[in-house]
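Here is what each chain is made of, one letter per residue.
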Amino acid sequence: MESSTLAQKLFGFSLHRHVRRQLRDHFIPHEGNAYRPHTLRHRTLFLYSALLILVKFAVITGPLLVPYGVAESAAITSENIISLTNQSRAEYNLPEFILSPQLSVAALNKAKDMMSKGYFAHFSPEGVSPWFWISSAGYAYHFAGENLAIRFNTAEGVNAAWLSSPAHRANILSKDFKEVGVAAVTDNFGSEGTATLVVQMFGSPAEVQNSPAEAKQANNPPPLQIAKKIIDKVTVENGSISPPSIAFPLNNSYVNKSRFKVMGRSESGVAVDMYLEGKLFGEAQISAERNFDFYSDEQKSLSDGIYALYARAKDENGESGPKSEIVNFTVDTQPPQVFEDKFSFLPDSVLPDVYQVAAAVSPDSVRTIVTVGADSAVLDKKGNDNWEGSVKLFNLGKSQSVPIEIFTQDIAGNETKKRVGWLNWGDVKGVFSSAQTPLPAQGGKFSIMGLVEIPNFDNFANNFYLYFVAFLTFSLMLMIGIKRHIQHPKTIAAASGVIMLAVLLFVI
């Protein structure tokens, strides 16, 4: 009684009676609303339709309508890419990369090669690895890596795409890399028209070790410079023929293709014979620039294993000169394995949203990354096939189910990505199985004038359509069921049409 009296004093009516009357007018057909609830009147249905279309329009065009700020509209240049990369590292308290002119040259040469041959991959169609371009630029490295991007309009788009990819993100946030070089080339890309290619090369220069033997090895110049010095000192034999040098494959390197291009240089002769395991492997003509290359046919495909290769230049009479330095390399075409039965994922006992990860992969793996939805972390090698580390979850929301995946790469560049389980909100199980739990659609964040932000807007929109269909169907069923002898066919048809519109917008 007291609450009713207070409501009458404040509003001039009984609040609970007013609410009940409004609900009745909006949902229950009766004489007072002409047996047409307010939620199903034509004007209201028109507003529903406009709202449904507006939400779908926001889903499709929202990201495009968000105005770019000064920090969100940088052109794709090497300077802007490096600046954004260093900003990303600063967010994780990592030192900035130092610009390396040699890595910049390597990145540019790799970009030109991809552009001229119309491929987009770390390894060329002939099997040439990224390390070839780095070594050819005279960069002696202890660690090296590469990121690639194509068909982006802004430097922010490139950087954001790399950060969303576990392998690319690991390169950007790696503690092993100290220097960087970037090239951005816009030209005709094969038959696909004009495109912008971005190549980002990472490196850590070879350092002098403490032991005398290691110091001697570290002080030696890279393989290409060694080969050049040997050529300068060799006494010319058989007339004017001098030994050639092999630029690819690199000595003590790995190749992940059974067919690849052998490349090199010869200061004399007209052709070069290449010998694999002491037997003639192929012949290549020497160009006017004194370079040669040879790409074997299918019949000369190599199986996995260790090989020794050398070359001899020959003159127009077929006379051969001395052989080049022997290049030892390994063909490895098999991707590394991930052993699911040895994978564990445990919540940290102290830190919130942090999980301790243990994974087992093939012994030849050189890098292993765990990803949990949009979050990832690089694992450390603890044994022959054991990798351990921790991952902090920044992007896991309530009522979400996200996949847990292991990405691993061997020294030859072969890669494996395997889903090892799922993480559900509030799940604290220690070991996750590979059970296939449905994964909800993920969407981006939607902002209205910078005041209201809706995370995972795609999810929000889809849920909105589902709830709306349930709401309008419930209202229509009430109208039809309560007053069966009094029906409004036009209202029923209009409401059914709006429900069909919501279903259609949900599907597309």
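What comes next concerns the included structure. Model, not experiment: these values are computed from the prediction. (Residues numbered from 1 in each chain as written. Predicted model: local features only at pLDDT ≥ 70, side-chain atom pairs only at ≥ 80, totals over all residues. Heavy atoms only, no water.)

A closer look at the pattern of salt bridges
It is possible for side chains bearing opposite charge to pair when their charged atoms get close. Put simply, the test is: Here a salt bridge means any side-chain nitrogen of Lys or Arg lying within 4 Å of a carboxyl oxygen belonging to Asp or Glu. Strands here are runs of E lasting at least two residues and helices are runs of H or I lasting at least four, both read from the DSSP assignment and numbered beginning at the N terminus.
Tallied over the full model, the rule gives eleven salt bridges. Across the pair Glu-298 and Arg-259 runs a salt bridge, and its minimum N-O distance is 3.3 Å. Highlighted residues: Glu-298 in the loop between strand S10 (291-295) and strand S11 (305-314) and Arg-259 in the loop between strand S6 (253-255) and strand S7 (261-265), separated in sequence by 39 residues. It is possible to trace a salt-bridge network through shared partners that takes in Asp-113, Lys-117, Glu-126 and Lys-261.

Overview of the pairing of strand S12 (residues 320-323)
Rule in force here: Any two strands with at least two DSSP-identified bridges between them are counted as paired.
Relative to S12, S11 runs antiparallel, the two being bridged by two bridges. Its bridge partner lying in S12, Arg-312 is registered against Lys-323. The turn linking S11 back onto S12 is made up of five residues, and Gly-318 within it adopts a positive phi angle of 85°.

Remarks on the nonpolar core
The criterion, for reference: In this text, buried Ala, Val, Leu, Ile, Met, Phe, Trp, Tyr and Cys residues form a nonpolar core when linked through side-chain atoms within 4.5 Å. Think of it in three bands: with a 1.4 Å probe and only protein chains considered, a residue is buried below 20% of the maximum accessible area for its type, exposed above 50%, and partly exposed in between.
One finds Phe-260, Met-274, Leu-302 and Phe-329 to be the most contacted residues of the largest nonpolar core, which totals 47 residues. Considering every element that reaches this core, the biggest residue donor is helix H5 (residues 101-117), with six residues. Counting 19 residues, the second-largest nonpolar core is a separate cluster that includes Val-338, Tyr-355, Ile-406 and Leu-423.

As for the sheet that holds strand S4 (residues 194-205)
Note: strands within a sheet are paired through backbone hydrogen bonds, in either parallel or antiparallel orientation. Which entries qualify depends on this criterion: In this description, contact between two residues means that some pair of their heavy atoms is separated by no more than 4.5 Å. Only C-alpha atoms enter the line fits that serve as axes; for helices the fit covers just the stretch in contact. Angles between N-to-C directions range over 0 to 180 degrees.
Spatially, four strands are ordered S1-S3-S4-S2 in an open sheet, and the strand pairing comes out mixed. The sheet is open, and its two edges are formed by strand S1 (98-99) and strand S2 (141-150), each paired on a single side. With ten bridges joining them, strand S3 (residues 179-188) and S4 adopt antiparallel strand pairing. The residue of S4 that forms the bridge with Val-182 is Gln-200. Across the sheet, H5 touches S1, S2, S3 and S4, and the angle it forms with S3 is around 25°. Contacts between helix H7 (residues 155-164) and the sheet are confined to S2 and S4, with S2 contributing the most and set at about 120° to the helix.

Section: the packing of helix H4 (residues 78-91) against H7
For the record, the criterion: Angles below 35 degrees are treated as roughly parallel, those above 145 as roughly antiparallel, those between 65 and 115 as roughly perpendicular, and all remaining angles as oblique. Handedness of each helix crossing follows the sense of rotation of the near helix against the far helix: counterclockwise by less than a right angle gives left-handed, clockwise gives right-handed. Each residue receives one of three labels: charged for Asp, Glu, Lys and Arg, nonpolar for Ala, Val, Leu, Ile, Met, Phe, Trp, Tyr, Cys and Pro, and polar for the others, Gly being one of them.
Interhelical geometry of H4 versus H7 gives an angle of 45° and a closest axis separation of 9 Å. Judged on the interaxial angle alone, H7 and H4 are oblique. Along this stretch, H4 crosses H7, giving a crossing that reads as right-handed. Two secondary-structure elements touch here, H4 through Asn-80, Ile-81, Leu-84, Thr-85 and Ser-88 and H7 through Ala-155, Glu-156, Val-158, Asn-159, Trp-162 and Leu-163. Residues belonging to the contact of H4 with H7 are distributed by class as follows: six nonpolar, four polar and one charged.

Brief notes about the packing of aromatic side chains
Two descriptors summarise a pair of aromatic rings, namely the distance from one centre to the other and the angle between the planes of the rings. Heads up, the rule is: Only the six-membered ring of Trp is used, alongside the rings of Phe and Tyr, when aromatic pairs are assigned; centres must lie within 6.5 Å, and planes under 30 degrees apart are stacked while those over 60 apart are edge-to-face, with the rest tilted.
Evaluation of the coordinates by the stated rule reveals 15 aromatic pairs. Between the aromatic rings of Phe-97 and Phe-202, the centroid separation amounts to 5.4 Å while the plane-to-plane angle is 55°, which identifies the pairing as tilted. Taken as a pair, Phe-97 in the loop between H4 and S1 and Phe-202 in strand S4 lie far apart in primary sequence, 105 residues in all. Using a relative accessible area of 0% as the deciding quantity, one classes Phe-202 as buried. Ring geometry for Tyr-307 and Phe-329: centres 5.8 Å apart, planes at 25°, overall stacked. With Tyr-307 in strand S11 and Phe-329 in strand S13 (residues 327-331), this pair connects stretches of sequence that are 22 residues apart. By the burial criterion, Tyr-307 is buried, and Phe-329 matches it.

Some words on H4
Worth spelling out the cut-off: Between the first and last residue of a helix there are one fewer steps than residues, each counted as 1.5 Å, and that sum is the expected span.
Counted at 1.5 Å a residue, the expected span for H4 with its 14 residues is 20 Å, and the 20 Å between its end C-alpha atoms agrees. All of the buried residues along H4 are Ile-81, Ile-82, Leu-84, Thr-85, Asn-86, Ser-88 and Arg-89. Buried residues along H4 sit in contact with S1, H7, helix H8 (166-172), S3 and S4.

Re the side chain of Lys-314
The condition that has to hold: Distance and chemistry together define a polar contact, namely a pair of N or O atoms within 3.5 Å, with one atom able to donate a hydrogen and the other to accept it when in protein, and with adjacent residues in sequence counting only for side-chain atoms on both sides.
By the secondary structure assignment, Lys-314 is in strand S11. A distance of 3.3 Å separates a polar atom in the side chain of Lys-314 from a polar atom in the side chain of Asp-273.

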